[in-house]
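# Notes for the structure review
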Amino acid sequence: MPEFPDPGTRNVLRPGCERCPALAESRHCISWGQGDRDADLVVVGEAPGAGDPDAEQWRGGNYTGMAYTTRHSGRRVRDLAAALGHPDAYFTNAVKCHPPENRDPTPEERDACAGHLETELAEIQPAAVLATGKHATASLLSLADRSLDGFVATVGACVREGRSLDWPGFDAALVPALHPSYEDVWLSRLDLSRDAYVAGLRDALASARRQD
């Protein structure tokens, strides 16, 4: 089990942000990015879930104020980052607040939060970005005016070929990964073992260095 992250590493960009009224009303607190500001890897999710206020520590970003701090997805993604050779990764979400009833963030909400994500990427200047899930991948591609077509097939191709996505304007390898909640299901359908999946992601994350 990964260690619970240090709250002192939260990257609070705009305390009390209320750009999105529905999200400001729905959230318990803003789930800011967290981790090493000198990290080589930034891990990006879509948005914090509802969370569990009764959990001892891993209550989720909606209560901890830190991305990827749920008992299931949070710990699983942090384990994946460590398995990829990045135990000191920086973790964040494309949208920082919990959407009502766990719905997907709207395009307007993604646009409103895009500036926060771009600020984080500019501050950290990672070698690679791991996008966990379809919506996180689409949000990151949209920063470069790119769209996403066929998410699971795209992950499979990147893993098998050890390559990142076309992401013009950013000096980092953008690599899509399966959302932790559906990883087991889709790995089976892609006919990939977890070891092969991790090895392929590791090669894809390293693609920026190969291109240099």
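What this report covers is the structure whose coordinates are included nearby. Since we're looking at a predicted model, the values are computed, not measured.

## A few points about the overall build of the protein
- A count of helices and strands for the protein gives nine helices and six strands.
- Here the C-alpha atoms of the protein give a radius of gyration of 16 Å, agreeing with the 17 Å that 2.2 N^0.38 yields for 212 residues.
- Its C-alpha atoms give the protein principal-axis dimensions of about 45 × 35 × 30 Å.
- Per-residue burial over the protein gives 50% buried out of 212 residues.
- Of the contacts formed within the protein by residues at least 6 apart in sequence, a portion of 73% connects residues at least 24 apart.
- As displayed, the protein has an accessible area near 10000 Å², and 44% of this comes from carbon and sulfur atoms.
- Treating the 22 positive side-chain charges of the protein as one cloud and the 32 negative ones as another, the clouds have centres 2 Å apart.

## Here we look at the sheet that holds strand E1 (residues 10–11)
- If you trace the six strands from one edge of the open sheet to the other, you get E1-E2-E4-E3-E5-E6, paired in mixed fashion. Each edge of the open sheet carries a strand with a single partner, namely E1 and strand E6 (173–177).
- Examined bridge by bridge, strand E2 (residues 33–35) and strand E4 (residues 90–93) share two bridges and lie antiparallel to one another. Across the sheet, the residue bridging to Gly 35 is Tyr 90, located in E4.
- Taken strand by strand, helix H3 (residues 73–83) contacts E2, strand E3 (41–45), E4 and strand E5 (128–132), and its axis lies near 140° from that of E4.

## So, the packing of aromatic side chains
- Following the criterion strictly, the structure yields two aromatic pairs and no others.
- Pairing Phe 4 with Trp 58 gives two aromatic rings, centres 5.2 Å apart and planes at 90°, and the pair type is edge-to-face. Remark: Trp 58 occurs in the loop between E3 and helix H2 (61–64) and Phe 4 occurs in the segment before E1; sequence separation between them is 54 residues.
- For the pair Trp 167 and Phe 170, a centre-to-centre distance of 4.2 Å together with 10° between the ring planes defines the contact as stacked.
- Judged by relative accessible area, Trp 167 falls into the buried class, the value being 4%.
- What makes Phe 170 partly exposed here is its relative accessible area of 22%.
- Stacked on the ring of Phe 91, the Lys or Arg Arg 78 has its end atom at 4.1 Å from the ring centre.

## Quick notes on the side chain of Ser 207
- Examined against the element boundaries, Ser 207 turns out to sit in helix H9 (residues 207–211).
- A distance of 3.0 Å separates the side chain of Ser 207 from the side chain of Ser 164, its partner in a polar contact.
- Among the polar contacts listed, one links the side chain of Ser 207 to the backbone oxygen of Ala 204, at a separation of 2.6 Å.
- Ignoring sequence-local partners within four residues, the contact set of Ser 207 consists of Gly 162, Arg 163, Ser 164 and Ala 173.

## Things to note about the nonpolar core
- One finds Val 43, Leu 130, Tyr 197 and Leu 201 to be the most contacted residues of the largest nonpolar core, which totals 27 residues.
- Here this core takes five residues from helix H8 (residues 194–205), the largest share from any one element.
- Among residues more than four places away in sequence, those in contact with Leu 130 are Leu 41, Val 42, Val 43, Val 44, Leu 80, Leu 84, Val 175, Ala 177, Leu 201 and Leu 205.
- By size, the runner-up hydrophobic cluster in this structure holds 21 residues, among which are Val 42, Ala 94, Leu 121 and Cys 158.

How each quantity is defined
- Residues numbered from 1 in each chain as written.
- Predicted model: local features only at pLDDT ≥ 70, side-chain atom pairs only at ≥ 80, totals over all residues.
- Heavy atoms only, no water.
- Helix = DSSP H or I, 4+ residues; strand = E, 2+ residues; numbered from the N terminus.
- Rg over C-alpha atoms; globule rule 2.2 N^0.38 Å.
- Buried < 20%, exposed > 50% of the residue type's maximum accessible area, 1.4 Å probe, protein only.
- Contact = heavy atoms within 4.5 Å.
- Areas by Shrake-Rupley, 256 points an atom, 1.4 Å probe, with all protein chains shown as cover.
- Lys, Arg positive; Asp, Glu negative; His and termini not counted.
- Charge placed at Lys NZ, Arg CZ, Asp CG, Glu CD.
- Pairing = 2+ DSSP bridges.
- Axes fitted to C-alpha atoms, helices over the stretch in contact; angles between N-to-C directions.
- Phe/Tyr/Trp six-rings, centres within 6.5 Å; stacked < 30°, edge-to-face > 60°.
- Lys NZ or Arg CZ within 6 Å of the ring centre and 35° of its normal.
- Polar contact = N/O pair within 3.5 Å; in protein donor to acceptor, adjacent residues only side chain to side chain.
- Core = buried A, V, L, I, M, F, W, Y, C linked by side-chain atoms within 4.5 Å.

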